[in-house]
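Each chain is listed here by its residues.
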Amino acid sequence: MRIRPPSVRARLTFWHAGVLTLIVCVFSVGILLFVGARLYAGLDAQLGREIATISKIFREEPDELRDLGPDWGITLFQVDDGGAGQQSEAWEREGLSRALQKGGSTSPLSWTAPDGRSYRVQSASDSSYHVAAAIDETSLRDTLWTLAIILATGIPFAAGLAIAGGYFLAGRVLSPVGAMAQKAREITAESLAKRLPVDNAEDEFGRLATVFNDTLSRLQDAFERLRRFTADASHELRTPLTAMRSVGEVALQNPLDAVAYRDVIGSMLEEVDRLTRLVESLLILTRADSGKVQLAPEALDLGALVGHVIDQLRVLADEKHQELRFRAVVRVHVRGDAALIRHALMNLIHNAIKYTPNGGTISVEVNAAGGGAMIEVRDTGPGIPATHQDRIFDRFYRVDTSRSREAGGVGLGLAIARWAVEANGGQIELASDMTEGSLFRVILPNASTESAGDRQLPNELRRAKQSIASP
Amino acid sequence: MDLVTHKVCRGAQSLDLTTKEFDLLEYLLRHSGRVVSREMLAHDVWHATARATPLDNVIDVTIARLRRKVDEPYERKLLHTVRGLGYLLSGRQA
């Protein structure tokens, strides 16, 4: 079973206090061990000096040993020379000889008497005698014990302080998160223009807020486009409906003969036709947005495909006495959905014919570019002003509203063309470096310019078939 | 209309038609007396799989050019536009 983690603040506090307490514990034990070692070292050094003094006196003036207590402050000692030996009264009283029986080694050792007092005992041997001395270490033990109690009571205190401080600090550090959450809660679809506060763009929270704000900006743009699209679509749908309504109303107000009624119905059907076409275009774009369009990629001879489209549209250019030129510089094959690419090219070239005045020239060129194929549609029309260039592929966007509507467009052609090209992994762009006319460039990826033997035949066949179908 | 030699005459006058205009006229003749919609023309004459605005314009313009050649010099019009429905090739006046 996993315990659900509490808030970040609590976790930060827990870890902070935990680590701090651990450090304090380790540190306390270290201090205790160090101080203990130093105190015992001092005690042992004193013992060593006492033994040296006792030995010296024993060797030189054995009778003076009795005066060791009053003269030197050495009250606990024993000298054993194989004979009677000598020991101080206190030594005898405490029975310190038992301490020596235990080890027999000459290194200092601690021994606790039955009455609870503890002593530090050390012995030394010469060829003829043993000397032993002891020092009461009870006060040293008390000191160490006191130190241990002080440290032990200090640890919970430090831990408590760490928890309080950690909780406060975590709260301080995390307060921007709370503020951001509060602000973010206020942001709705209607108030997408609001942004999160950025106190310091360099720190982690600042960067987080900046990322959020960038996301919000993109969302706002998307919402704005959607809103505009809906508004434009409604407007375009309303126009034919208004026309139908007024035609119907006028027809109903006056009694007419059969021919006139037929005319009215025909006029209404024309508007229905306009509506149908508009709705079909919108459906294409909606399906495109939802990504539900199934592509049927196949190997395409791009030159043949463009040539076919141009053959179909040539009659429109002829009608306006325009010259429609087509040149395939190299033979390029691409993989793509024929219907979509044809649709895109049809819209592009049709646009060029539509906006180029009578007697103008439209030239279409197919070429290889890098690893891809390039189709350029150039016209001698009025061109597209720089202010409109970045929005020209937007839905319902028209450079000159009145003129374009006259020409029968609703402003979806380039939007559909862009989607059709991009769905095939390509790009479409308007070359902005033109001084006269416009130049639309379509780049399609994964092109092969070589005409391998086994692929040539089907393409030749296809071209032959197309020329029969549409000369 | 001679489908083998691709020659068309109205009365004694021979008409000079493009291939597409010929195909269109042939289709209209086969459906003579019936209204032919743009959808039918796009599908059967232009062999288009999807309907597109540019193609509608192409059909309108081709019809207009055909009409110029077939009907303009004559008093009696044969190629009629039926508003909202399409086109009709018929000997009688609509």
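Residues numbered from 1 in each chain as written. Chains lettered and ligands numbered in written order. Predicted model: local features only at pLDDT ≥ 70, side-chain atom pairs only at ≥ 80, totals over all residues.

### A word on the overall build of chain A
- Assigned secondary structure in chain A consists of 13 helices and 12 strands.
- Looking at the 471 residues of chain A, the share that counts as buried comes to 23%.
- At a minimum sequence separation of 6, the contacts of chain A that also span at least 24 residues come to 64%. (Helix = DSSP H or I, 4+ residues; strand = E, 2+ residues; numbered from the N terminus. Buried ≥ 20, exposed ≤ 12 C-beta atoms within 10 Å, placed from the backbone. Contact = placed C-beta atoms within 7 Å.)

### Thoughts on the overall build of chain B
- Secondary structure assignment for chain B yields 3 helices and 5 strands.
- In chain B, the order of α-helices and β-strands from amino to carboxyl end is β-β-α-β-α-α-β-β.
- Sequence-distant contacts, at least 24 apart, represent 40% of the contacts inside chain B between residues at least 6 apart.

### Focus on the packing of helix H9 (residues 338–355) of chain A against helix H12 (residues 413–423) of chain A
Residues and elements named next belong to chain A.
- As a packed pair, H9 and H12 sit with axes 8 Å apart at the nearest point and diverge in direction by 145°. Considering the relative orientation of H9 and H12, their crossing is left-handed. Across the interface between the two elements, Leu340, Ile341, His343, Ala344, Asn347, Leu348 and Asn351 of H9 pack against Gly413, Leu414, Ile416, Ala417, Ala420, Val421 and Ala423 of H12.
- Within the contact of H9 with H12, the residues separate by chemical class into 10 nonpolar, 4 polar and no charged. (Axes fitted to C-alpha atoms, helices over the stretch in contact; angles between N-to-C directions. Left-handed = near helix turned anticlockwise from the far one by under 90°. Nonpolar A, V, L, I, M, F, W, Y, C, P; charged D, E, K, R; others polar.)

### Describing the environment of Gly86(B)
All names here are of chain B.
- In this structure, glycine 86 sits in strand E5 (residues 86–89).
- Sequence separation between glycine 86 and arginine 38 is 48 residues; the distance between their C-alpha atoms is 5.9 Å.
- What glycine 86 contacts, discounting residues up to four positions off in sequence, is Val35, Val36, Ser37 and Arg38.

### Some remarks on the nonpolar core
Residues and elements named next belong to chain A.
- Within the largest apolar cluster, 62 residues are counted, with the highest numbers of intra-cluster contacts made by Ala344, Leu345, Ile349, Ala373 and Ile375.
- A per-element tally of this core places H9 first, with 10 residues.
- Apart from the residues within four sequence positions on either side, alanine 373 is in contact with Leu302, Val332, Val334, Val366, Ala368, Leu444 and Ala447.
- Counting 18 residues, the second-largest nonpolar core is a separate cluster that includes Leu47, Phe77, Ala133 and Ala134. (Core = buried A, V, L, I, M, F, W, Y, C linked by C-beta atoms within 7 Å.)

### Brief notes about the interface of chain B and chain A
- Each side of the interface is counted separately: chain B has 18 residues, and chain A has 24 residues.
- Here the side of chain B that touches chain A gets 7 residues from one element, more than from any other, and that element is helix H3 (residues 53–70) of chain B.
- Within the side of chain B that touches chain A, the residues separate by chemical class into 8 nonpolar, 7 polar and 3 charged.

### Quick notes on the sheet that holds E5(B)
All names here are of chain B.
- Strand order across the open sheet formed by 3 strands is E3-E5-E4, with antiparallel pairing between neighbours. Single-partner strands in this sheet number two, and they are strand E3 (35–36) and strand E4 (79–82).
- Examined bridge by bridge, E4 and E5 share 4 bridges and lie antiparallel to one another. Bridging from a neighbouring strand, threonine 81 pairs with tyrosine 87 of E5. (Pairing = 2+ DSSP bridges.)

### As for the pairing of strand E1 (residues 77–80) of chain A
Residues and elements named next belong to chain A.
- The pairing of E1 with strand E5 (residues 130–136) spans 4 bridges and is antiparallel. Across the sheet, the residue bridging to valine 79 is valine 131, located in E5.
- As judged from the 2 bridges shared by E1 and strand E2 (residues 86–87), these two strands associate in the antiparallel manner. When the sheet's bridge partners are listed, glutamine 78 is paired in E2 with glutamine 87.

### A short note on the environment of His350(A)
- By secondary structure assignment, the location of His350(A) is in helix H9.
- Classification of His350(A) as buried rests on a count of 24 C-beta atoms within 10 Å.
- For the pair His350(A) and Leu316(A), spaced 34 residues apart in sequence, the C-alpha to C-alpha distance is 8.3 Å.
- Excluding anything up to four places from it in sequence, His350(A) contacts Leu313(A) and Pro54(B).

### Re the packing of helix H1 (residues 8–60) of chain A against helix H5 (residues 138–186) of chain A
Residue and element names in this part refer to chain A.
- Look at H1 against H5: their axes get within 8 Å of each other, and the N-to-C directions meet at 160°. Viewed along their axes, H1 and H5 adopt a mutual orientation that is roughly antiparallel. Note on packing geometry: the crossing formed by H1 with H5 is right-handed.
- Split by residue class, the contact of H1 with H5 holds 24 nonpolar, 8 polar and 1 charged. (Parallel < 35°, antiparallel > 145°, perpendicular 65-115°, else oblique.)

### Quick notes on unusual backbone geometry
- Not every positive phi belongs to a glycine, and His321(A) is a case in point at roughly 55°.
- Locating His321(A) in the fold gives a position in the loop between helix H8 (302–319) and strand E7 (323–328).

### Remarks on H12(A)
All names here are of chain A.
- Burial analysis of H12 places 9 of its 11 residues in the buried class, the great majority of the element.
- Buried within H12 we find Gly413, Leu414, Ala415, Ile416, Ala417, Arg418, Trp419, Ala420 and Val421.
- Glycine 425 sits one or two residues past H12 and shows a positive phi near 80°.

### A word on the pairing of strand E3 (residues 109–112) of chain A
Residues and elements named next belong to chain A.
- Across 4 bridges, E3 lies against strand E4 (residues 118–125) in antiparallel orientation. Each bridged residue has a counterpart across the sheet, and for threonine 112 the counterpart in E4 is serine 118.
- Hairpin connection, E3 to E4: the antiparallel pair is bridged by 5 residues, and glycine 116 has positive phi, about 100°.

Geometric descriptors of this kind do not, in isolation, establish any biological role.
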